[in-house]
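Overview (structure and organization)
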Amino acid sequence: MIDNINKSDRRFHPEDTIISVGDLTIGGDNLTIIAGPCSVESEEQIIQIARSIKESGANILRGGAFKPRTSPYDFQGKKADGIKLLSLAKRETGLPIVSEIVGINHLDLFDDIDILQVGARNMQNFELLKELGKTDKPILLKRGFSNTIKELLLSAEYIMSNGNNKVILCERGIRTFEPMTRNTLDLSAVSLLKELTHLPVIVDPSHATGISSLVEPMSLASVACGANGLMIEVHNSPENALSDGEQAVTPEEFDNIVKKVNNIKNALK
Ligand code: PEP
Ligand code: MN
């Protein structure tokens, strides 16, 4: 038992929480695949990627419009124009959309966005979490890279105690002494979270490793240890990506990953 964890605690809500987004259901036995570029870069880029990931079986399109970059000199995203391009991709493909919100004053811009992402750097932006708790959109809450499992659950409580129970947790790697991978993917957190909470838990193997060749094996491992879904960065030209090209898989590689993760999922039945 963890002190102060109430709404997300499985003991008070033994059944898995299932979150609906249009016709899609997240959590329980569903394996939800979210894919798309790190950043929305152009109409051609986002539409092309959206079409190909849909073809491969992705359920949700991701794309950053407001990018919280470590350096202020790096590409900061296309901002409101990026959101418009995501809406266009949604109309073209029918895929629901997830995008990161970095400030509550942007909420109006996110009207057409189906799932609001709270990035690792904002996991403990409590004022943002409280305000998102007053909305009725599903929230994809990423674990901060220096945050414990308990802190992640307490951040989920900030959202839920303000009225919004639609929280999806995301393990995206934590910072350790190991510099060869961008972060260290904490897979035991996934299995432990599944015990502690009824909320859906997904894994982002792209930010967890920072290396595109590791995305497939970590996706397979994530599904094997009980993840309810994956969020994978896909780019049609990774070497030209404006952010996170080193960890982006190509649409062809993504297609192969989806086939293999579905095989793992079926093997678990
Ligand atoms: C992202 O998903 O675009 C992102 C910035 O990830 P994180 O917040 O996990 O670093
Ligand atoms: Mn990224």
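Before going into details, it helps to say that this report is about the structure given with it. Values in this document were obtained by computation on a predicted structure and should not be read as measured data. (Residues numbered from 1 in each chain as written. Chains lettered and ligands numbered in written order. Predicted model: local features only at pLDDT ≥ 70, side-chain atom pairs only at ≥ 80, totals over all residues. Heavy atoms only, no water.)

Observations regarding helix 1 (residues 43-56)
Between its first and last C-alpha atoms helix 1 spans 20 Å; for 14 residues at 1.5 Å apiece the expected length is 20 Å, and the two agree. Listed as buried for helix 1 are Q45, I46, I47, I49, A50, I53 and S56. Residues of helix 1 that are buried make contact with strand 3 (32-36), strand 4 (60-62), helix 2 (79-93) and helix 8 (251-268). Positive phi appears at G57, one or two residues downstream of helix 1, with a value of about 110°. (Helix = DSSP H or I, 4+ residues; strand = E, 2+ residues; numbered from the N terminus. Expected span 1.5 Å × (residues − 1). Buried < 20%, exposed > 50% of the residue type's maximum accessible area, 1.4 Å probe, protein only. Contact = heavy atoms within 4.5 Å.)

Notes on the site of ligand 1
Around ligand 1, a shell composed of R62, K67, E100, Q117, G119, A120, R121, K142, R172, H207 and M231 is seen. Measuring from an oxygen atom of ligand 1, one finds a side-chain N or O atom of K67 at 2.9 Å. R172 is positioned such that a nitrogen or oxygen atom in its side chain is 2.6 Å from an oxygen atom of ligand 1. Surface burial for ligand 1 is 97%, taken as the share of its 300 Å² of free accessible area covered by protein chains. Assessed atom by atom at 2 Å from the grid points, ligand 1 resides in the largest pocket. Among the residues making up the shell around ligand 1, the classes are represented as 2 nonpolar, 3 polar and 6 charged. (Near = heavy atom within 4 Å. Polar contact = N/O pair within 3.5 Å; in protein donor to acceptor, adjacent residues only side chain to side chain. Areas by Shrake-Rupley, 256 points an atom, 1.4 Å probe, with all protein chains shown as cover. 1 Å grid on protein atoms, 1.4 Å probe; cavity = no way out; pocket = protein on both sides within 12 Å on 5 of 7 lines; lining within 4 Å. Sits in = over half its atoms within 2 Å of the grid points. Nonpolar A, V, L, I, M, F, W, Y, C, P; charged D, E, K, R; others polar.)

Observations regarding the pairing of strand 8 (residues 167-171)
Burial analysis of strand 8 places 5 of its 5 residues in the buried class, which makes it a mostly covered element. Side chains V167, L169 and E171 project from strand 8 onto one buried face, and the interleaved I168 and C170 project onto a second face that is buried too. With 4 bridges joining them, strand 7 (residues 139-142) and strand 8 adopt parallel strand pairing. Bridging from a neighbouring strand, K142 pairs with C170 of strand 8. With respect to chirality, the unit in which strand 7 leads through helix 4 (residues 149-160) into the neighbouring parallel strand 8 is right-handed. In this sheet, strand 9 (residues 201-203) lies alongside strand 8 in parallel orientation, the contact comprising 3 bridges. Residue E171 lies in a different strand from strand 9, and its bridge partner there is V203. (Pairing = 2+ DSSP bridges. Right-handed = clockwise from strand over helix to strand, strands pointing away.)

Some remarks on the coordination of the manganese ion (ligand 2)
Around the manganese ion (ligand 2), the protein supplies C38 (SG), H207 (NE2), E233 (OE) and D244 (OD) as donor atoms, at distances of 2.0 to 2.4 Å. All donors of the manganese ion (ligand 2) belong to a single chain; written as a sequence motif, their spacing is C-x168-H-x25-E-x10-D. Note that C38 is positioned in the loop between strand 3 and helix 1 and H207 in helix 6 (residues 205-209), a separation of 169 residues in sequence. For H207, a relative accessible area of 8% translates into the label buried. (Donors = N, O, S within 2.8 Å, 3.2 Å for Na, K, Ca; no water.)

Remember that the coordinates give geometry; whether it matters functionally is a separate question.
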